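Reading the structure
What follows is each chain in one-letter form.
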Amino acid sequence: MAFPEGFLWGGATAANQYEGGWDEGGKGPNTSDALTNGSHTVPRRVTWRNPATGETGSTGMGFGAPMEVPEGAEVAIIDGEYYPSHTATDFYHHYKEDIALMGEMGFKCFRLSMNWARIFPNGDDAEPNPEGLAFYDAVFDECAKYGIEPLVTLSHYETPLHLTNAYGGWKSRACIEPFVRYATTVMKHYLGKVKYYLTFNEINMMSHAPYMGGGLVDQSPQAKAQGAHNQFVASALTVKAAHEISPDIKVGQMLAFGPTYPYTADPADDLLVMEREHDTLWYSDVQTGGYYPAYRLKEMERQGIELEMEEGDLDLLATYPADFLSFSCYGGSTVTTHPEDAGVEGGNFVQGVSNPYLETNAWGWATDPYCLRLTLNKLYDRYRKPLWIVENGIGWSDVKEADGSVHDDYRIDYLRKNIQSMKDAIEIDGVDLMGYTMWGCVDLVSCGTGEMRKRYGFVYVDRDDEGKGTLERSRKDSFYWYQKVIATNGEDLS
């Protein structure tokens with residue numbers, strides 16, 4: 001068998017896209033709660049209010065898009081707007097049903113995020129919220145019934161709103177101590193129930209979506225670099241605390257990464273590939289490798305970035321790197337210095353140009369049968385630490401038939417090719433892979449667009465882009481396919 005005994009098959013979700021219950025159980029507001037819906041062509045927006053004048057408004061929030069919040073205004077939740085996170089697909093009230101469905105599929109692992117503002121409503125409270133702790137106790141107890149190992153992301157595109165409005169989010173070192181208090185609190189409280197943690201989801205999104213990644217309204221290069229550094233320090237302190245609490249607790253990094261392909265054989269295209277990969281890999285060089293790479297130091301020097309560091313920061317990063325490296329990978333990007341010769345701008349995913357060798361769906365997402373093997377080899381060769389694929393999947397406009405069935409052969413085809421790719425990385429290349437948690441195992445709100453129609457799950461949830469629907473759960477064809485994959489430990493992909 002290619003996959004080792006005990007391989008952690010499962011699925012992944014995020015509180016801001018799935019949990020709901022945004023103002024229940026003593027939870028405070030966070031940055032995602034002030035984020036509206038959008039679409040593939042219309043950016044999501046962040047809403048604001050000026051407390052002195054009462055004026056309200058919003059600013060676009062997109063990958064690489066500038067944010068403009070007027071001086072004196074604060075990020076706020078305002079009447080008359082639709083915020084998908086407030087209910088999402090309501091795991092808060094459906095957790096027993098959803099975890100039972102995961103158990104029926106045979107999940108060995110469930111990746112979920114805890115909502116920092118559910119535990120510490122303002123982020124920097126002196127004491128945790130007991131109702132928040134009790135909710136996740138119930139969730140983890142339910143997982144234990146089915147033999148499902150939780151993998152907990154401590155901060156998945158959510159920063160308590162108070163920390164953004166009071167300090168500017170993670171660009172301030174004032175966020176470090178409250179985060180470490182939060183992390184230490186939950187690691188102690190759930191000792192024996194949770195042994196795998198991730199600190200920040202897709203930490204490299206600080207470069208591309210710093211409001212989501214770190215609650216930043218100021219999106220200058222200086223603010224983004226400082227925000228990343230502060231999260232690195234918080235992560236290292238979390239690893240330190242985990243090792244002091246129990247040798248059984250492992251804390252990993254979470255990186256968004258996929259292969260980058262040159263469009264032509266021009267060496268200039270290969271050089272561009274290297275530069276694009278450097279834009280991401282410096283994050284894992286710091287958090288998993290334990291050091292700032294020379295190419296990143298030179299880049300900051302050219303940009304005039306001067307990090308605010310305290311004595312001991314670099315030693316801390318070197319001494320307490322991540323125990324393992326987890327990552328999301330949905331496909332690759334193709335780049336070129338010859339855009340006039342390439343096809344459609346915008347590419348098969350986020351950046352670059354379209355790859356003529358890959359099939360693409362309506363949201364520009366391609367099925368790349370080699371991306372996981374390539375990514376696993378690159379990261380394993382670079383860091384020699386255990387890896388974990390914690391997001392992989394494809395968004396599609398699924399249709400529920402009159403009899404309640406959902407035929408998603410396209411998702412099965414995508415997953416079959418991707419699982420074969422990671423299987424090859426283990427069997428042929430000897431990569432050390434801990435597990436695989438497919439993204440959005442129960443339908444949830446799309447992060448990038450705020451839509452429901454872009455669905456990912458094995459389980460269909462009756463909810464639309466305007467927040468209407470019964471929230472009823474239905475098994476898709478892929479549900480039964482993945483059940484078979486897990487039962488055979490990845491051997492039967494037919």
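Up top is the structure these notes are about.
Described below are features of the structure shown in this document.

Here is what the cut-offs are and how they apply
- Residues numbered from 1 in each chain as written.
- Predicted model: local features only at pLDDT ≥ 70, side-chain atom pairs only at ≥ 80, totals over all residues.
- Heavy atoms only, no water.
- Core = buried A, V, L, I, M, F, W, Y, C linked by side-chain atoms within 4.5 Å.
- Buried < 20%, exposed > 50% of the residue type's maximum accessible area, 1.4 Å probe, protein only.
- Helix = DSSP H or I, 4+ residues; strand = E, 2+ residues; numbered from the N terminus.
- Contact = heavy atoms within 4.5 Å.
- Salt bridge = Lys/Arg side-chain N within 4 Å of Asp/Glu carboxyl O.
- Lys, Arg positive; Asp, Glu negative; His and termini not counted.
- 1 Å grid on protein atoms, 1.4 Å probe; cavity = no way out; pocket = protein on both sides within 12 Å on 5 of 7 lines; lining within 4 Å.
- Points joined across faces, edges and corners; volume = space filled by probe spheres on them.
- Nonpolar A, V, L, I, M, F, W, Y, C, P; charged D, E, K, R; others polar.
- Polar contact = N/O pair within 3.5 Å; in protein donor to acceptor, adjacent residues only side chain to side chain.
- Pairing = 2+ DSSP bridges.
- Axes fitted to C-alpha atoms, helices over the stretch in contact; angles between N-to-C directions.
- Phe/Tyr/Trp six-rings, centres within 6.5 Å; stacked < 30°, edge-to-face > 60°.
- Lys NZ or Arg CZ within 6 Å of the ring centre and 35° of its normal.
- Parallel < 35°, antiparallel > 145°, perpendicular 65-115°, else oblique.
- Left-handed = near helix turned anticlockwise from the far one by under 90°.

On to the nonpolar core. Membership of the largest hydrophobic core comes to 110 residues, with the highest contact counts inside it found for Met422 and Tyr482. In terms of residue count, the dominant contributor to this core is helix 8 (residues 221-245) (10 residues). If we ignore the near neighbours within four places in the chain, the residues touching Met422 are Phe3, Phe7, Trp9, Leu372, Leu376, Ile389, Leu433 and Tyr436. One finds Met67, Met205, Ala209 and Cys447 within the second-largest nonpolar core, a separate group that totals 14 residues.

All right, on to the pattern of salt bridges then. Throughout the structure, instances matching the rule amount to 32 salt bridges. Taking the shortest distance from any N to any O, the salt bridge between Glu104 and Arg475 comes out at 2.8 Å. Of this pair, Glu104 sits in helix 2 (residues 91-105) while Arg475 sits in strand 17 (residues 473-475), and the two are 371 residues apart along the sequence. For Arg475, a relative accessible area of 34% gives the class partly exposed. Taken together, the shared-partner salt bridges in this structure form one network comprising Asp398, Asp408, Arg411, Asp443, Arg455 and Lys476.

Within the element layout of this structure, Asp125 appears in the loop between helix 3 (116-119) and helix 4 (130-145). For the buried Asp125, no salt bridge is present, and the opposite-charge side chain at shortest range is Arg181, 6.6 Å distant.

In this section: empty space enclosed by the protein. Per the stated rule, a full pass over the model turns up four cavities of 30 Å³ or more. By volume, the largest cavity is sized at about 60 Å³. The wall of the largest cavity is formed by 13 residues, among which Ser235, Ala236, Gln287, Tyr320 and Ala322 lie closest to the centre. Those elements giving two or more residues to the lining of the largest cavity turn out to be helix 8, strand 8 (250-256) and helix 9 (267-287). Sorting elements by how many residues they give to the lining of the largest cavity places helix 8 first, with four residues. Here the second largest cavity defines a volume of roughly 50 Å³. The residue makeup of the lining of the second largest cavity, split by class, is five nonpolar, three polar and no charged.

Secondary-structure assignment places Arg411 in helix 13 (residues 409-427). For Arg411, a relative accessible area of 0% gives the class buried. Within the structure, the side chain of Arg411 is placed 3.4 Å from the backbone oxygen of Ile394, a separation counted as a polar contact. When residues no more than four places from it in sequence are discounted, the contact partners of Arg411 are Ile394, Trp396, Asp398, Met438, Arg455, Tyr456, Gly457, Lys476 and Ser478.

When you line up the elements, Trp282 lands in helix 9. Here the alpha-carbon distance between Trp282 and Tyr295, two residues 13 residues apart in the chain, equals 8.3 Å. Not counting residues within four places of it along the chain, the set of residues in contact with Trp282 comprises Ala228, Phe232, Tyr292, Pro293, Tyr295 and Arg296.

The next point concerns the sheet that holds strand 14 (residues 387-391). With parallel pairing, eight strands are arranged side by side around a closed barrel as 1-5-6-7-8-10-14-15. The mean inter-strand angle of the sheet, taken between neighbouring strand axes irrespective of direction, is 25 degrees. With respect to the sheet, helix 8 is in contact with strand 6 (149-155), strand 7 (196-200) and strand 8, its orientation differing from that of strand 7 by roughly 160 degrees.

Time to look at the packing of aromatic side chains. Each aromatic ring pair is summarised here by two numbers: the centre-to-centre distance and the angle between the ring planes. Scanning all chains against the criterion turns up 34 aromatic pairs. Their ring planes at 70 degrees and their centres at 5.8 Å tell us that Trp170 and Phe179 sit as a pair that is edge-to-face. The burial state of Trp170 is the same as that of Phe179; both residues are buried. Within the aromatic cluster, the residues linked to one another by ring pairs are Tyr18, Phe91, Tyr92, Tyr95, Phe110, Phe135, Tyr136, Phe140 and Tyr190. For Arg118, the ring lying beneath its charged end belongs to Phe135, and the centroid distance is 5.5 Å. Across the ring face of Trp282, the terminal group of Arg296 is positioned such that the distance to the ring centre comes to 4.1 Å.

Glancing now at the packing of helix 6 (residues 176-189) against helix 8. With their axes 9 Å apart at the nearest point, helix 6 and helix 8 run at an angle of 30 degrees to one another. As judged from the angle between their axes, helix 6 and helix 8 are roughly parallel. The chirality of how helix 6 crosses helix 8 is right-handed. Each of Ile176, Phe179, Val180, Ala183, Thr184, Met187 and Lys188 in helix 6 lies in contact with helix 8, whose residues at this interface are Asn230, Val233, Ala234, Leu237, Thr238, Ala241, Ala242 and Ile245.

Read from one edge to the other, the open sheet built from three strands follows the order 3-2-4, with strand pairing classed as antiparallel. Each of the sheet's edge strands pairs with one partner strand only, and the pair in question is strand 3 (56-61) and strand 4 (74-75). As defined by bridge partners, strand 2 (residues 44-49) adjoins strand 4 across two bridges and the pair is classed as antiparallel. Looking at strand 4, one finds that Trp48 is bridged to Val75.

Distances and angles like these do not, on their own, reveal function.
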